[in-house]
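Remarks on the overall topology
Chain residues, written in single-letter form:
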Amino acid sequence: MSADIKITVVDREGVPHELIAPTDMNMNLMEVCKSYELPVKGTCGGMAMCASCHCYIESAHELNAPSDDEEDMLDQAFFVEDNSRLGCQIFMKPEYEGLMVRLAEESE
Amino acid sequence: MKCHLIDFLPQPGGQLTEIYPKKPIYDIPGYPVVMAGELVDNLMEQIKPFNPGFTLGESALSIEETDDHCFIVTTDKGTQHKAPSVAIAGGLGVFTPRKPPIEGLTEFEEKGVDYIVRDPEKYRGKRVVISGGGDSALDWTVFLADVASEVSLVHRRTSFRGHLDTVDKVHELAQNGKVKLITNAEVVDVHGQSELDRVTIKIKGAEDLSMECEHWLPLFGLTPTLGPIGDWGLEIEKNAIVVDNATDYRTNRVGIYAIGDVNTYPGKLKLILCGFHEATIMVQSAFKRAFPDKKLSFKYTTVMGGVGSLE
């Protein structure tokens, strides 16, 4: 049995949104944001190929390490910082309760 | 009725065959799991009896309406097709170079800033700055080291993710002083009167570097955009074509439809499943437009020959 977790997503205007994310559906952060109609495009459909879900991890959670595909994409994205990740590669888990992320500026 | 497919890619199937043919898909009815490439193979087999036409490796560039209410679509290679209806199923669109978000950058396009290397001879004897950490940036760094008078590679990180051989070669060139390697750095500004003559490079933990150069090649991969279809006089919203989902996925231009990932409407879901549905509805409408005086005899799926074929 997995419980829902509460996460905070700060949008590009600096407004925080508290979201409830299920952890038993293999949902990723991009999908969670989209389901709350936050302005995340998810152009490539979650394949780490477009960086439209680029975000910054603002809490101290230890997340799954980025895959080569994600690293490759972050190499090509803009406004990249040390805490940059692609939302589509972060899958909701009970350990991520309280996760806080900030959406990165859109580059196009 | 006959359908003709124009696709810029060398094979039909779009993203499924081009980007992720080996990726499993789990949401196609009737298939608990199917590989993307296999799904397209099956679709090709299924449409064979209807004998569709294919123009592959050409991009649909322009559309022109004729006096008899048909359309002529012209490709980048000049091929023309005439039809009473056109359905745009362009998916994510065409892949174009990703442009760094630098103010005034577009003014230097073709005036020192190139996103794609078309003719390396252009850079002979010139000072070139290359940005990026992927294969393209590394390959051109190696190649232009022997062509340009000076090559600087600027990369946001210290490690490179290209092919190991090329990465080694770039390091070797840097050690021999043939290439200037600037890591943990990023080009943040471009300068010049009418032509590019200098870029500003921001380096982590150091002062900004001003570097004179005739060319800057930002090689940051490709990103999908609507491309030439964006100029077809269609209503566009957030890089997607607005359609009427209450009727037949028509656009604001009578006779032009948009189906699949390329369209948008309230409640739009970008799923292969929804693309199939949209195509089915669209084709019924296209039939009525092609044969206004003929009755569409609707066949059920258990009848070989398919739904809605002309008797």
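Residues numbered from 1 in each chain as written. Chains lettered and ligands numbered in written order. Predicted model: local features only at pLDDT ≥ 70, side-chain atom pairs only at ≥ 80, totals over all residues.

**Quick word on the overall build of chain B**
Counting its regular elements, chain B contains 5 helices and 21 strands. For chain B, the C-alpha radius of gyration of 25 Å lies well beyond 19 Å, the compact-globule estimate for 311 residues. Projected onto the principal axes, the alpha-carbon positions of chain B cover approximately 75 × 45 × 35 Å. Taken over 311 residues, chain B has a buried fraction of 27%. Within chain B, contacts between residues at least 6 apart in sequence are counted, and of these 53% link residues at least 24 apart. (Helix = DSSP H or I, 4+ residues; strand = E, 2+ residues; numbered from the N terminus. Rg over C-alpha atoms; globule rule 2.2 N^0.38 Å. Buried ≥ 20, exposed ≤ 12 C-beta atoms within 10 Å, placed from the backbone. Contact = placed C-beta atoms within 7 Å.)

**Examining the interface of chain B and chain A**
The interface is formed by 16 residues belonging to chain B together with 12 residues belonging to chain A. Partitioning the side of chain B that touches chain A into residue classes produces 6 nonpolar, 4 polar and 6 charged. (Nonpolar A, V, L, I, M, F, W, Y, C, P; charged D, E, K, R; others polar.)

**Looking at the sheet that holds strand β21 (residues 263-264) of chain B**
Residues and elements named next belong to chain B. Sheet architecture is open: 3 strands sit in the order β18-β19-β21, paired in mixed fashion. In this open sheet, the two strands that pair with only one neighbour each are β18 (236-237) and β21. Note that β18 and strand β19 (residues 240-242) share 2 bridges and pair antiparallel. Within the sheet, the bridge partner assigned to Glu237 lies in β19 and is Ala240. (Pairing = 2+ DSSP bridges.)

**A word on the pairing of strand β7 (residues 80-83) of chain B**
All names here are of chain B. Pairing analysis gives 4 bridges linking strand β6 (residues 71-75) to β7, with the strands arranged antiparallel. Directly across from Thr74, in β7, lies its bridge partner Gln80. Where β6 folds back on β7, the antiparallel hairpin that results is connected by 4 residues, among which Gly78 adopts a positive phi of roughly 90°.

**A short note on the domain arrangement of chain B**
Domain boundaries in chain B define domain 1 (4-95 + 224-290) and domain 2 (99-220). Look at where the C-alpha atoms of domain 1 of chain B and domain 2 of chain B centre, and you get two points 38 Å apart. (Domains from an automatic or database assignment.)

**So, helix α3 (residues 135-144) of chain B**
All names here are of chain B. For α3, the tally of buried residues reaches 7 of 10 residues, placing the bulk of the element in the interior. Turning to α3, its buried residues are Ser136, Ala137, Leu138, Trp140, Thr141, Val142 and Leu144. Those residues of α3 that are buried lie in contact with β10 (127-131), β11 (150-155), α4 (164-175), β12 (179-183) and β16 (215-218).

**Remarks on the sheet that holds strand β5 (residues 60-65) of chain B**
All names here are of chain B. Taken in spatial order, the 3 strands of this open sheet run β5-β6-β7, and their pairing is antiparallel. Looking at strand neighbours, the two that pair on one side only are β5 and β7, the edges of this open sheet. Adjacent strand axes in the sheet meet at a mean angle of 20° when their direction is disregarded. Two strands pair when backbone bridges link them, and β5 and β6 are joined in this way by 5 bridges, in the antiparallel orientation. (Axes fitted to C-alpha atoms, helices over the stretch in contact; angles between N-to-C directions.)

**Observations regarding helix α5 (residues 272-290) of chain B**
Residues and elements named next belong to chain B. Its 19 residues give α5 an end-to-end C-alpha distance of 26 Å, which sits within 8% of 27 Å, the value for a rise of 1.5 Å per residue. Residues of α5 that are buried: Glu278, Met282 and Ala286. Down the axis, α5 shows its buried residues gathered within 75° of arc, on one side only. Of the surrounding secondary structure, the elements contacted by the buried residues of α5 are β8 (86-88) and β20 (256-258). (Expected span 1.5 Å × (residues − 1). Arc of directions from axis to C-beta.)

**Section: the environment of Gly13(B)**
Position of Gly13(B) relative to the elements: it lies in the loop between β1 (4-7) and α1 (15-18). Remark: the alpha-carbon pair of Gly13(B) and Asp41(B), spanning 28 residues in sequence, is separated by 8.6 Å.

**A short note on the environment of Asp146(B)**
Here Asp146(B) is to be found in the loop between α3 and β11. Of the residues examined, Asp146(B) has 11 C-beta atoms within 10 Å and is grouped as exposed.

**Quick notes on the packing of α3(B) against α4(B)**
All names here are of chain B. With their axes 9 Å apart at the nearest point, α3 and α4 run at an angle of 45° to one another. Our classification of the angle between α3 and α4 gives oblique. For α3 against α4, the interelement crossing comes out left-handed. Contacts between α3 and α4 involve Asp135, Leu138, Asp139, Thr141 and Val142 on the former and, on the latter, Thr166, Val167, Lys169, Val170 and Leu173. Taken together, the residues that form the contact of α3 with α4 break down as 5 nonpolar, 2 polar and 3 charged. (Parallel < 35°, antiparallel > 145°, perpendicular 65-115°, else oblique. Left-handed = near helix turned anticlockwise from the far one by under 90°.)

**Quick look at the confidence of the model for chain B**
All names here are of chain B. Put simply, chain B has an average pLDDT of 92, and 96% of its residues get 70 or more. Here residues 307-311 is a poorly scored stretch, pLDDT under 50, and it has 13 contacts once near neighbours within four places are set aside; other chains count. For this predicted complex, the interface score ipTM comes out at 0.75, while the overall pTM is 0.73. (pLDDT = per-residue confidence, 0-100.)

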